Amino acid sequence: MSSEKNGELNKDELEIRRLGPSDLEAVLEIENCSFSLPWSREAYENELTRDHLAHFIGCFCQGRLLAFAGYWLLLDEGHIANVAVHPDFRRRGLGELIMVHLITLCKSQGGRKMTLEVRRSNASARNIYKRLGFEEAGFRPAYYSDNNEDAMIMWADIVN
């Protein structure tokens, strides 16, 4: 991409916006290369078009989806459903950037707390979440069916 300089993205060229049905193919591309248990096309069609509790945003550069994240707002709690960065754009701060926007969106919609599950082995994601105020609050044994890995449960109070 022309926005890259020495492997870095020009943050001024990034656009973060709500995802819609026209973004489905790009979401599925990132989903399928990011997760060993990817969500189905039908699941994302529902999330992006019918589920009024679901809020998904994407980070774009020159029209290309680089990362996305979404949550479900249940009363005053945001449950983070998914966060993914395209493999070609990882380790450039996009995961943290989209999480900051997701937290801000949740707050603007009345969210007071957020929660998520993350693989115990995913230290880099856990570190990002900790920097953003999430704390480990327990774990779900054998949560991931592909390898029976535990999920760490993390919570954050997002109201200052």
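This text gives an overview of the structure that appears in the document. (Residues numbered from 1 in each chain as written. Predicted model: local features only at pLDDT ≥ 70, side-chain atom pairs only at ≥ 80, totals over all residues. Heavy atoms only, no water.)

### Some remarks on the pattern of salt bridges
Inspection of the entire model under this criterion finds 10 salt bridges. Among the salt bridges present, the one from Arg 119 reaches Asp 146, with a minimum N-O distance of 3.0 Å. Of this pair, Arg 119 sits in strand β7 (residues 113-119) while Asp 146 is found in the loop between β8 (135-144) and β9 (149-157), placing the two residues 27 residues apart along the sequence. With a relative accessible area of 18%, Arg 119 lands in the buried category. Of the residues examined, Asp 146 reaches a relative accessible area of 36% and is grouped as partly exposed. One salt bridge connects Glu 136 with Lys 130, and the closest N-O pair in it is separated by 3.6 Å. Relative accessible area serves as the criterion here: at 33%, Glu 136 is assigned to the partly exposed category. (Salt bridge = Lys/Arg side-chain N within 4 Å of Asp/Glu carboxyl O. Helix = DSSP H or I, 4+ residues; strand = E, 2+ residues; numbered from the N terminus. Buried < 20%, exposed > 50% of the residue type's maximum accessible area, 1.4 Å probe, protein only.)

### Some thoughts on the sheet that holds β8
With mixed pairing, 7 strands are arranged side by side in an open sheet as β3-β4-β5-β6-β7-β9-β8. Because the sheet does not close on itself, it has two edges, and the strands there are β3 (14-18) and β8. Each neighbouring strand pair of the sheet contributes to a mean axis angle of 25°, computed without reference to strand direction. The pairing of strand β5 (residues 64-74) with strand β6 (residues 77-85) spans 8 bridges and is classified as antiparallel. What sits directly across from Ala 67, in β6, is Val 85. On top of the sheet, helix α3 (residues 94-108) reaches β3, β4 (54-61), β5, β6 and β7; it is set at about 35° to β5, its chief contact. (Pairing = 2+ DSSP bridges. Axes fitted to C-alpha atoms, helices over the stretch in contact; angles between N-to-C directions. Contact = heavy atoms within 4.5 Å.)

### A few points about the packing of aromatic side chains
Applying the stated criterion across every chain, the model contains 7 aromatic pairs. Plain terms: the ring middles of Trp 39 and Tyr 44 are 4.9 Å apart, the flat faces sit at 35° to each other, and that makes the pair tilted. Among the residues examined, Trp 39 registers a relative accessible area of 24% and is labelled partly exposed. An aromatic cluster of at least three residues, connected via ring pairs, comprises Trp 39, Tyr 44, Phe 56, Phe 68 and Trp 72. In this structure, Arg 17 is placed above the aromatic ring of Phe 60, and the distance from its NZ or CZ to the ring centre is 4.0 Å. Here Arg 119 stacks its cationic end above the ring of Tyr 144, 4.1 Å away from the centre of that ring. (Phe/Tyr/Trp six-rings, centres within 6.5 Å; stacked < 30°, edge-to-face > 60°. Lys NZ or Arg CZ within 6 Å of the ring centre and 35° of its normal.)

### Here's the deal with the packing of helix α1 (residues 24-34) against helix α2 (residues 41-49)
Between α1 and α2, the shortest axis-to-axis distance is 11 Å and the interhelical angle comes to 130°. In terms of axis orientation, α1 runs oblique to α2. In this structure, α1 meets α2 at a crossing whose hand is right-handed. Packed against α1, whose contacting residues are Leu 24, Glu 25, Val 27, Leu 28 and Glu 31, the element α2 presents Arg 41, Tyr 44, Glu 45 and Leu 48 at the interface. Residue classes in the contact of α1 with α2 are distributed as 5 nonpolar, no polar and 4 charged. (Parallel < 35°, antiparallel > 145°, perpendicular 65-115°, else oblique. Left-handed = near helix turned anticlockwise from the far one by under 90°. Nonpolar A, V, L, I, M, F, W, Y, C, P; charged D, E, K, R; others polar.)

### Here we look at the nonpolar core
Counting residues in hydrophobic clusters, the biggest one holds 30 residues, and the most contacted among them are Ile 80, Leu 94, Met 99, Met 114, Tyr 129 and Phe 134. If you list the elements that add at least two residues to this core, you get β4, β5, β6, α3, β7, α4 (123-131) and β9. In terms of residue count, the dominant contributor to this core is α3 (6 residues). Leu 94 has contacts with Leu 9, Leu 14, Cys 59, Leu 66, Ala 67, Val 85 and Phe 89, leaving out every residue within four places of it along the chain. (Core = buried A, V, L, I, M, F, W, Y, C linked by side-chain atoms within 4.5 Å.)

### Quick word on the pairing of β7
Among the 7 residues in β7, 6 count as buried, and that is most of the element. In terms of strand pairing, β6 meets β7 through 3 bridges, oriented parallel. Following the sheet pairing, His 79 is matched in β7 by Thr 115. At this point the chain moves from β6, through α3, to the parallel β7, and the crossover so formed is right-handed. Here 7 bridges tie β7 to β9, and the two strands are oriented antiparallel to one another. Paired with Arg 119 across the bridge in β9 is Ala 151. (Right-handed = clockwise from strand over helix to strand, strands pointing away.)

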